[in-house]
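# Structural overview
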Amino acid sequence: MNHWTCSQLGMSVKAHNGEIVVGHDGLYGNGLLLHCLALYIISFFTSVLLYFEYKNMTKMRLAHIANSLSHPSHLTVIVRAIPWNQEGSYSGTLTKFFTEFYPSSYLSHQMVYHSGSVQKLIHDAEKMYKLMKSDRVEQRCVQLVRCGFCGGTTTSFNILDNDCKSCKAETSLDTSDLQQKECAAALVFFRTRYAALVASEALQSPNPMLWVTDAAPEPSDIYWSNLSVPHRLFWIRRIAVIVASVCFVIFFLIPVVFTQSLVHLDKLKKIMPFLNNVVERKLFEQLITGYLPSVVFIIFLSVVPPLMMLFSTLEGAISRSGRKRSTCIKSIYFVIWNVFFANILTEAAIEHYQVSIQKLGDPKNIPHVLAKAVPSTATFFTTYVLTSGWASLSVELIQPFPLIFNSFCRFILRNTDDLSYGTYTFPYHTEVPRVLLFGLLGFSCSILAPLILPILLFYFVLAFLVYRNQILNVYVTEYDSGGLYWPIVHNTTIFSLVLTQTIALGVFGLKKSPVASGFTFPLIICTLLFHEYCRQRFHPVFRKIPAQTLLEMDRKDEATGKIQELHQKVQSSYCQFKSKKINLHKETEQSPSELALDSTEKGNNATVEVDMEETAAEKKQKAESPDLESPHS
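Ordered by their spatial adjacency, four strands build an open sheet running 5-7-4-8, and the pairing between neighbours is antiparallel. The two strands at the open ends of the sheet, each matched to only one other strand, are strand 5 (106–113) and strand 8 (212–215). Averaged over all adjacent pairs, the angle separating strand axes in this sheet is 25 degrees, with direction ignored. In this sheet, strand 7 (residues 182–190) lies alongside strand 5 in antiparallel orientation, the contact comprising six bridges. What sits directly across from His109, in strand 7, is Val188. Its contacts with the sheet place helix 2 (residues 90–101) against strand 4 (76–80), strand 5 and strand 7, and it is angled at close to 155 degrees to strand 5.

Spelled out as structure tokens, the structure:
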């Protein structure tokens, strides 16, 4: 008996006594089972690595919380939607509420004032109008140097003498004026960390729309602009953001279809004969069908992170890290749908229009559609990794935009001062979605189109080196969220793994292999159970701070006598308005109240107030502080 196996056809051909017998045990018995075995190996090692990394990140987060003894955020709670009392101010209403219901733990509070761009422009316009009406001020204004375009420096502004009475009146802070600018939000300070934890987690009023409390972020992490927005508007904003996101996803299908149509230029030439004259040269046709679709798609994708950042801001994030993390999640959803699913479904629709549309109407046929479409889009995904991945790492190293901006300021505007452009935090909201998308492509193509794996491996090795250098030596660590990006990475990796198993199930179903399909279905169930275990075991630590840890920190501070020092520190840590006092001979940094008092009491030094978002001393201190999430996110 002779026996041959034709693996590509999925058949076995046997010659027995001059008769040819065709069976289905060749590929089905060997090839598909090998693919199923490879799927088991990938799933097993991925789950093991995810488990140990989640466990390690949980230990690091707990250690980060336990070692942050002097962080004022543990004693601070953000209170919003403070009810208005016609007899007094928001500050009086808040003091009465917390002294009545938290008499032993309430320490003090700090009101939040309206500080939006519109209010600031209006205030500056009113101030300049009053200054222009004063003849005395006009006589005391001294022009220094020319503008930057004429060869001047950034100190080209007017300096007003402090002995001018009108200037004193403008720089002084009036208590009644501050009360008028109060908004229904405040920072409330407590005597112990446990009291602040209870206040932030509890429902303060029978009306959930009043006295809304949240745990406060770090002083450098707080996003002041959203605190001044009325809390009752955020649920309307969230609905508007959902509607806008859906519309944007639908609109983005246009560039997806356009890029896929460039890939299938041969089919377009049948529909549009005039394209035959355009792409007569073979090299030009290869450029259009191979490299151009990825470039066009990346250009369209460049508008996604800024738009998602705007959506996250409108949703009401109270911290800068929370806003960037929300942007990261939205970007991940967007790129997974539009880069992966939309391209695959568009490919399926172009190849088999009527059949694909009919199959997509039945959810049971989705694995079969994915099984057919993923291998056909592997070439596009490979080009996309080369274009978006490798090119993005080059741009990350070169930093062309800060380089161009700094060169423009130095040689065109003649600015010789230290330029702060480029010293920003690491762009997690753009880089994390890209890395996770490449991980999704690697998982989904691992058993169907494995030629993409060496390219992805080279990218990840190079990305590790580049990102490590950038985080340690280039970007400034302004705040630390305590590793909160890791749950995003874990959940996306689990989704990629389940999607890969579902695609493999569709492939085994197309090949009519009940044995391989029977082994794949339990694998999906086991992966989902593993994810649920990790969610129950580790994820609560990333959502809330353990009360036991905070109680131990409180007892340690009481035993060492540092609790009073911490109370003094926490009341001066959060400053909504920071000013920098520039003297002709020296520079000092003061709070607004100290600066106003100094300008009223002291003499004739020429000073000017410049609003600063962050001082140089704080930048240096934060750059030296370790960041938990940087090496692991």
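There's plenty left to go through after this.
On to the environment of Leu292. Mapped onto the elements of the fold, Leu292 is located in helix 13 (residues 282–301). Residue class for Leu292 comes out partly exposed when judged on its relative accessible area of 34%. Separated by 95 residues in the primary sequence, Leu292 and Thr387 place their C-alpha atoms 9.9 Å from one another.

Once that is clear, we can look at a nonpolar patch on the surface. A cluster of nonpolar side chains, contributed by Leu33, Leu34, Leu37, Tyr40, Ile41, Phe44, Phe45, Val515 and Phe519, occupies part of the molecular surface with about 860 Å² of accessible area. Broken down by element, the nonpolar patch gets its largest block of residues, seven residues, from helix 1 (residues 27–67). Counting through the fold element by element, Ile41 comes out in helix 1.

Applying the stated criterion across every chain, the model contains seven salt bridges. Linking Glu431 and Arg434 is a salt bridge whose minimum nitrogen-to-oxygen distance equals 2.8 Å. Taken together, the residues Glu431 and Arg434, both in helix 20 (residues 428–445) and three residues apart, mark about one turn of the helix. Classification of Glu431 by relative accessible area gives buried; the value is 8%. Judged by relative accessible area, Arg434 falls into the partly exposed class, the value being 21%. Between Glu532 and Arg535 there is a salt bridge, and its shortest N-O distance comes to 2.8 Å. Of this pair, Glu532 and Arg535 both sit in helix 23 (residues 514–537), separated by three residues, roughly a single helical turn.

What counts as what
Residues numbered from 1 in each chain as written. Predicted model: local features only at pLDDT ≥ 70, side-chain atom pairs only at ≥ 80, totals over all residues. Heavy atoms only, no water. Pairing = 2+ DSSP bridges. Helix = DSSP H or I, 4+ residues; strand = E, 2+ residues; numbered from the N terminus. Axes fitted to C-alpha atoms, helices over the stretch in contact; angles between N-to-C directions. Contact = heavy atoms within 4.5 Å. Buried < 20%, exposed > 50% of the residue type's maximum accessible area, 1.4 Å probe, protein only. Patch = residues over 30% accessible without salt bridge, like charges linked within 9 Å, V, L, I, M, F, W, Y side chains within 5 Å. Areas by Shrake-Rupley, 256 points an atom, 1.4 Å probe, with all protein chains shown as cover. Salt bridge = Lys/Arg side-chain N within 4 Å of Asp/Glu carboxyl O.

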